[in-house]
Amino acid sequence: IWCVATRGHFENRSGVIYGIFNPVYGVGGLIMTLFFIRRQERRDLHVFIENVLIGGCFEYLCSLGQEMIFGTVSWDYSAMRFNIDMRTNVLYSLMWGLIGLLWVREVYPVLSRMLSRIPVRAGKALTVVLFVGMLADMSVSSLAVYRWSERDRGVSASSALDARLDEWYPDAFLREEYPNMRFVPRRVPEGVSE
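Criteria and cut-off values
- Residues numbered from 1 in each chain as written.
- Predicted model: local features only at pLDDT ≥ 70, side-chain atom pairs only at ≥ 80, totals over all residues.
- Heavy atoms only, no water.
- Core = buried A, V, L, I, M, F, W, Y, C linked by side-chain atoms within 4.5 Å.
- Buried < 20%, exposed > 50% of the residue type's maximum accessible area, 1.4 Å probe, protein only.
- Helix = DSSP H or I, 4+ residues; strand = E, 2+ residues; numbered from the N terminus.
- Contact = heavy atoms within 4.5 Å.
- Salt bridge = Lys/Arg side-chain N within 4 Å of Asp/Glu carboxyl O.
- Lys, Arg positive; Asp, Glu negative; His and termini not counted.
- Bend = angle between axes of the 7 residues up to and from the residue.
- Polar contact = N/O pair within 3.5 Å; in protein donor to acceptor, adjacent residues only side chain to side chain.
- Phe/Tyr/Trp six-rings, centres within 6.5 Å; stacked < 30°, edge-to-face > 60°.
- Axes fitted to C-alpha atoms, helices over the stretch in contact; angles between N-to-C directions.
- Parallel < 35°, antiparallel > 145°, perpendicular 65-115°, else oblique.
- Left-handed = near helix turned anticlockwise from the far one by under 90°.
- Nonpolar A, V, L, I, M, F, W, Y, C, P; charged D, E, K, R; others polar.
- pLDDT = per-residue confidence, 0-100.
- Patch = residues over 30% accessible without salt bridge, like charges linked within 9 Å, V, L, I, M, F, W, Y side chains within 5 Å.
- Areas by Shrake-Rupley, 256 points an atom, 1.4 Å probe, with all protein chains shown as cover.

Re the nonpolar core
Part 1: In terms of nonpolar packing, the biggest core is built from 10 residues, these being I17, F70, A144, V145, W148, L165, Y169, L174, Y178 and M181.
Part 2: Looking at which element gives the most residues to this core, the answer is helix α5 (residues 120-152), with three residues.
Part 3: Apart from the residues within four sequence positions on either side, V145 is in contact with F70, Y178 and M181.
Part 4: One finds M32, Y77, Y92 and W96 within the second-largest nonpolar core, a separate group that totals seven residues.

Thoughts on the pattern of salt bridges
Part 1: Evaluated as defined, the whole model comprises 10 salt bridges.
Part 2: Two residues, R42 and E50, come together in a salt bridge whose shortest N-O distance is 2.4 Å.
Part 3: Taking the relative accessible area as the measure of exposure, R42 reaches 24% and is therefore partly exposed.
Part 4: Across the salt bridge formed by R87 and D85, the nearest N and O atoms sit 3.4 Å from each other.
Part 5: Here the residues in one salt-bridge network are R147, E150, R151, D166 and D171, joined through shared partners.

As for the side chain of D137
Part 1: Positionally, D137 belongs in helix α5.
Part 2: For the buried D137, no salt bridge exists, and the shortest N-O distance to an oppositely charged side chain is 15 Å, to R151.
Part 3: Apart from residues no more than four positions distant in its own chain, D137 is found in contact with V16, I17, Y18 and G19.

Examining helix α4 (residues 90-115)
Part 1: The largest bend in α4 is about 50 degrees, located at W103.
Part 2: Where α4 is concerned, the buried positions are Y92, S93, W96, G97, G100, L101 and V104.
Part 3: Where α4 is buried, its residues contact α1 (2-7), α2 (23-36), α3 (44-70) and β3 (88-89).
Part 4: Capping the start of α4, N89 holds a side-chain oxygen 2.9 Å from the backbone nitrogen of L91, two or three residues further along.

Points about the packing of aromatic side chains
Part 1: What the rule picks out here adds up to nine aromatic pairs.
Part 2: Taking the centre distance of 4.7 Å and the plane angle of 25 degrees together, the rings of Y77 and Y92 count as stacked. In this pair, Y77 sits in the loop between β1 (72-73) and β2 (83-84) while Y92 sits in helix α4, placing the two residues 15 residues apart along the sequence.
Part 3: A residue is classified by how much of its surface remains accessible, and Y92, at 15% relative accessible area, is buried.
Part 4: Arranged with centres 5.9 Å apart and planes meeting at 45 degrees, the rings of Y169 and F173 form a pair that is tilted.

With respect to the packing of α3 against α4
Part 1: Interhelical geometry of α3 versus α4 gives an angle of 125 degrees and a closest axis separation of 7 Å. With respect to α4, the element α3 is oriented oblique. The chirality of how α3 crosses α4 is right-handed. Across from D44, V47, F48, N51, V52, G55, G56, F58 and E59 in α3, the residues of α4 making contact are Y92, S93, L94, W96, G97, L98, G100, L101, V104 and R105.
Part 2: Counted by class, the contact of α3 with α4 contains 10 nonpolar, six polar and three charged residues.

Some thoughts on the confidence of the model for the protein chain
Part 1: Summing up the model confidence of the protein chain, the mean pLDDT is 89 and the portion of residues at 70 or higher is 95%.
Part 2: Ranking the elements of the protein chain by mean pLDDT puts α1 last, at 76, and helix α6 (residues 160-168) first, at 96.

Quick notes on a nonpolar patch on the surface
Part 1: Among the surface-exposed residues, V107, V110, L111, M114, L115, I118, L126 and L130 lie close enough to one another that they form a single nonpolar patch of about 660 Å² accessible area.
Part 2: Within the residue set of the nonpolar patch, elements represented by two or more residues are α4 and α5.
Part 3: The element contributing the most residues to the nonpolar patch is α4, with five residues.
Part 4: Relative to the elements of secondary structure, M114 occurs in helix α4.

Now the structure itself:
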C-alpha cells in the first residue's frame, strides 16, 4: 500500500524466495506481541512510543546484520531527512509505532480469538508445519543470497552445494526476487586489515 501510494506501483517486499512472507515484518510483529501481550493496560501513547523505539532499533539491527552477513542492503534512507546511519529514520520509526499500536490494540486481539478456535492438537501440528516451512524457506533464501554475494565478489563455487545454488538461484533470478537489494563495499573497522 505504501509503495502504491508513494511510488505509484506495487512492489514485492517479501524477504524469502518461496512465498510472500517478510521475516523482518514477521519478527517485528512477534517482538511487539511478546513485549505487549502482558502489558495491555499500557496507555496508547506509551504503546506507540515504545513501538517507535522497538521498531526503529529492530530495523536498524536488521539492516546492520544483513550488511555484515551478506554484504548487501535492502533499504537505504540516506536521502531522507532524520535518518540514522541510512538504516532507519524518524518517519519509518513513527510508522513502526503506528503499526505496532494497531497490531497490539486491534489486529492481534482479533487474530488471537480466531486462532483460539483451532483445536489444540491441530493448532500445535499446524504451528510445527508452518515453523519448519518458514525455517526452510529462510534457510534456502539465506544460502542463495549468501552465494549471490560471493559470486558478486568473484568467489567461485567451492562445493557441490555452491554449484547447485549457482544453478538453481542465478543472479538474474535473485535480482527479480530482491529488486531493492544492492551490494555494498565491506566496511572494515579502522586499524583492522582485511
